[in-house]
Each structure stands twice: as structure tokens, then as C-alpha cells.
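# Report on the structure
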Amino acid sequence: MKRALLKIVALCLVVVLLFTGCNSIAFSTLLQAVGQTLLGGAIVPFADMEYVRPDLEEYQTQLSSCMDGAKTDTDVDTLMEKVYAFYEVYYDYVTNYSLANIHYYLDMSDTYWQKEYTFCTENSSQIDAGLDNLFYALAKSSLKEQLEADEYFGDGFFDDYSGESIWDDKFTSMMEQQTKLQNEYDELCAKAMKEDTYSNQFYEGTGREMAELFVELVALRGEIARYAGYDDFLDFAYDFYYGRDYTPEQATSYTNDVQNLLVDLYLDIPSDAWAPVYEKCSEKKMYSYVEECAIAMGGTVADAFALMTEGGYYDISYSENKYNASFETFLPSYAVPFVFVNPTGTGTDPMTFAHEFGHFCNDYASAGRMGGIDVAEVFSQGMEYLSLFYGNDTQKLEKMKMADSLAVFVEQSAYASFEHRVYQLDEKELTVE
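First, a word on what this report is: a plain description of the structure on this page. Fair warning: this is a prediction, and the values are worked out from it, not measured in the lab.

### Remarks on the overall build of the chain
- Scanning the chain from N- to C-terminus turns up 17 helices and three strands.
- In terms of overall size, the chain behaves like a compact globule, its C-alpha atoms giving a radius of gyration of 23 Å where 433 residues would be expected to give roughly 22 Å.
- Summarising its shape, the C-alpha atoms of the chain cover approximately 70 × 55 × 45 Å along the three principal directions.
- The 433 residues of the chain split such that 50% are buried.
- In the chain, the share of contacts with a sequence separation of at least 24, taken over all contacts with a separation of at least 6, comes to 75%.

Laid out in C-alpha cells, this is it:
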């Protein structure tokens, strides 16, 4: 059974700590089926999931076994058993990483979870490097043709793994430094949550620290891109992280069109369209809205909601110490998704929960696979729209969603335009100002 699964497992190669537009981390690409195999189909409630700090020595041991096997093994079954053993350790790392992430974001004042989350993030480059190097080693194996059989990796899987992996010691070190800066930025975000981010005091204090750290991060990313053979970080990110089939220049043309065609309409959105923003909403009401929609939709959607509820695979409570965002992630060793929502206490919360539940349904129905960053929001946005048809008393939400849909195009294009300009600044221009 494992052999049939691995073909699909191996297609999901992106193991980078990235967030999509709604902060759904890329680890959700990992397979639900792997966890079902490891657990024999058992459902483990989130409250019973035990975090264990990943064993990096065991990871290296299993990786070395695979790398050696790629060079010396003459029997494909012998080599694949080593690969399966490696994957079990690999998924253990990913699962515990996600658990540390969830627990830390539930309470960013908890120093234990901060420490564990930092440990996992700061070693993520080592994990990424190992996986990438393994595929390059397997591509050079005398068993390559057999490894690309349907029951293993699949035809043409190793086409992109000729030559040498980019993950040498220097590249890995730079990626580790990037992660450290990202962790420092997370810590400043936690500090900023307790401050008035519109005050002069913030801009002169924590805000200034965040800006200086961002400048340092942008500069480092430029170095990473050039070392990898790209002109700038935009070209590097579009290829390395996103695998896009369009260029930054084409994206800029698109955002220019948004600016020219949609901004005036966006500025004319009537204020009453945002009425739910000013209305109170309890956690119970938020939950009930999505529950009623899921039951009304039935089928896989209802099954997904039942699983989420039964296993406690969600947290929609409010806390001042909670990470100020919402996302969905996947726990491969347990074969389940998890929804994280930090509510605002307003009438927008039902749509936020519906959005993240859309990601949950996607992972539930597709065995944890994701078609790519550029389509990651299809199911979440789709669930928001569908909820308006299946939910009760949705008139105000319909109007708000119409305004929000327009706002997404304009605001996300503005963010993208800003980032494009930042990553194209030369060294002298790259300042906080």
C-alpha cells in the first residue's frame, strides 16, 4: 500500500515556510493518506496529539541510508524500503513542526512553544536541503528507470533533478539566516499586538525595528537570489518558491491594469457595504453559521465538518496573545487538517471561519494535496461564496462579500506592487525610508 501512496507523496516537493494570502502554510501540501497509513486509519483528537521535538539525528541517519542506497543498491524494493523509512521520519518532523506552530500561535507569550517553534523553523532549511539532495541522488541511481515506474515516483519524476542540488552548505546557511530573521520579525509582531500601531511611539519604536529588520531581510534575499543564479529575488521567488509560468513583468502589467481599472470603483464602495464590520458576533454564532452551511451542503463538506468537530481540529476562540491572523494547516502523521482563526468579534467572523473551513475541505477531500500557490485560495473563496447560498440571513454578508471581492483585487495588487518595487531596489536605495 505504501508504494502506491509514495508516487503521490513524492509529487509534493515544496517544503518551505511560506504563507498564502490567508496564511495557509505550505505544509498543507502533504498527504492525508500518509497519516492514515501510519495510524491504520485511526482518528486522534487534537487534544491527544503529543508534540515531540523532531529527532534531527534520526533524520540524517535515514537520509544517509537512502543516499548510500541510491549509489549502491541494485534492487529497487530494497532501495524503496529505505525511502519509506526516510519519509516516516520526514513526516514526523513536519507534523511536530505544525503542532509547535499551532501551539505557539495560540499563545505567543508562551516561552516553551516559542522555543520549540523556533527550533523547528531554524532547522527547516536542513530538512529542505536533505529532501532536495535525496531526489538528486535518486536521479543518479542505476535504478532511476525503475524508480519512475507508476507504483513508485511516476514517469518523468526525476527530469528536473539532473546535475547538482542548489542546497550546498552556503545556500543552506543563507536560508537558515533568512529563517532566523523571520523568527525575529514574528517576535516583533507579537510585541506590536500590544501597542497602538497608529501612534508615533510605535513608528519610532517597534515599528522602526520591524522596518529595519525587513530591510535586512530584503537584502539577504537578494544575496540568496544572486547566489542561486537569478537577477533578483522576484525571479528567484517566482521560480523556486511558486513555480509560476508567468514572469514578474507580466504580474506588474496585471497590477497596473488593476490600478487603472478598479481603484476608482474601489474608492466608491458605499460605507454601508461594510455594515457587518461594526456588528458584534459571538464565537457560537460564528460556529453555527458554518455548521448550518456544511449540513445543508451535505456530502463531503458535511463529513469534513463532522471530522473537524469530532477531533477538535479547530480553534476559533479569541485571545489577546493569539497570533493576529487566520490559517489552515495539515498534520500529515495524523492525516487531518487544522483550522486556526483569531476572530475580531464582529460580523465578519463567520466569513473568515467559512474561508478557512474551505481550506479544511480541500485538504480533507484531496488527501492533503494542493495544486500550487496560485490556486490555493480557490476552495476557501469558493466556500465563502457558497455559504451565502446555504446560510441564513445573509443579505448583509452578500453585500459585504461583493465589496470584499473587489477589495481583494485592489489591496492584494497594492501589496504585490509594493513588494515588487522593494525587491528591485539597489543597495543604496534599500533603506527604511
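### A short note on helix H4 (residues 76-106)
- Spanning 31 residues, H4 covers 44 Å between terminal C-alpha atoms, matching the ideal 45 Å at 1.5 Å per step.
- The buried fraction of H4 amounts to 22 of the 31 residues, a majority that puts the element mostly inside the structure.

### Details of the packing of aromatic side chains
- Inspection of every chain in the model, using the stated rule, returns 48 aromatic pairs.
- Ring geometry for Tyr87 against Tyr90: centres 6.0 Å apart, planes inclined by 80°, an arrangement best described as edge-to-face. You can see Tyr87 and its partner Tyr90 sitting in helix H4, three residues apart, about one turn around the helix. Grouping residues by exposure puts Tyr87 and Tyr90 together as buried.
- Measuring from centroid to centroid gives 5.9 Å for Phe171 and Phe240, while their planes differ by 70°, and the two rings are edge-to-face. Of the two residues, Phe171 sits in helix H8 (residues 169-192) while Phe240 sits in helix H11 (residues 233-241), which places them 69 residues apart along the sequence.
- On the basis of relative accessible area, Phe171 is assigned to the buried category, the value being 0%.
- In this structure Phe240 comes out as partly exposed when scored by relative accessible area, which is 27%.

### A look at the side chain of Lys401
- Among the secondary structure elements, Lys401 is positioned in helix H17 (residues 395-422).
- Excluding residues within four positions of it along the chain, Lys401 makes contact with Met351, Gln381, Glu384, Tyr385 and Leu388.

### Some points on the nonpolar core
- Judged by nonpolar contacts, the single largest core of 83 residues is most densely connected at Leu138, Phe153, Phe353 and Phe357.
- For this core, the leading source of residues is H4, giving 18 residues.
- Leaving out residues up to four positions away in the same chain, Leu138 has contacts with Ala70, Leu79, Val83, Lys144, Leu147, Phe153 and Phe158.
- With 26 residues, the next largest nonpolar core counts Leu181, Leu234, Phe236 and Val422 among its residues.

### A few points about the pairing of strand E3 (residues 336-340)
- With five of five residues buried, E3 is to be regarded as a mostly interior element.
- Relative to E3, strand E1 (residues 314-315) is paired through two bridges, and the arrangement is parallel. The residue of E3 that forms the bridge with Tyr314 is Val339.
- Where strand E2 (residues 327-331) and E3 come together, five bridges link them in antiparallel fashion. Its bridge partner being in E3, Thr329 is matched across the sheet by Phe338.

Thresholds, definitions, all that
Residues numbered from 1 in each chain as written. Predicted model: local features only at pLDDT ≥ 70, side-chain atom pairs only at ≥ 80, totals over all residues. Heavy atoms only, no water. Helix = DSSP H or I, 4+ residues; strand = E, 2+ residues; numbered from the N terminus. Rg over C-alpha atoms; globule rule 2.2 N^0.38 Å. Buried < 20%, exposed > 50% of the residue type's maximum accessible area, 1.4 Å probe, protein only. Contact = heavy atoms within 4.5 Å. Expected span 1.5 Å × (residues − 1). Phe/Tyr/Trp six-rings, centres within 6.5 Å; stacked < 30°, edge-to-face > 60°. Core = buried A, V, L, I, M, F, W, Y, C linked by side-chain atoms within 4.5 Å. Pairing = 2+ DSSP bridges.

Shape descriptors only; they carry no functional weight alone.
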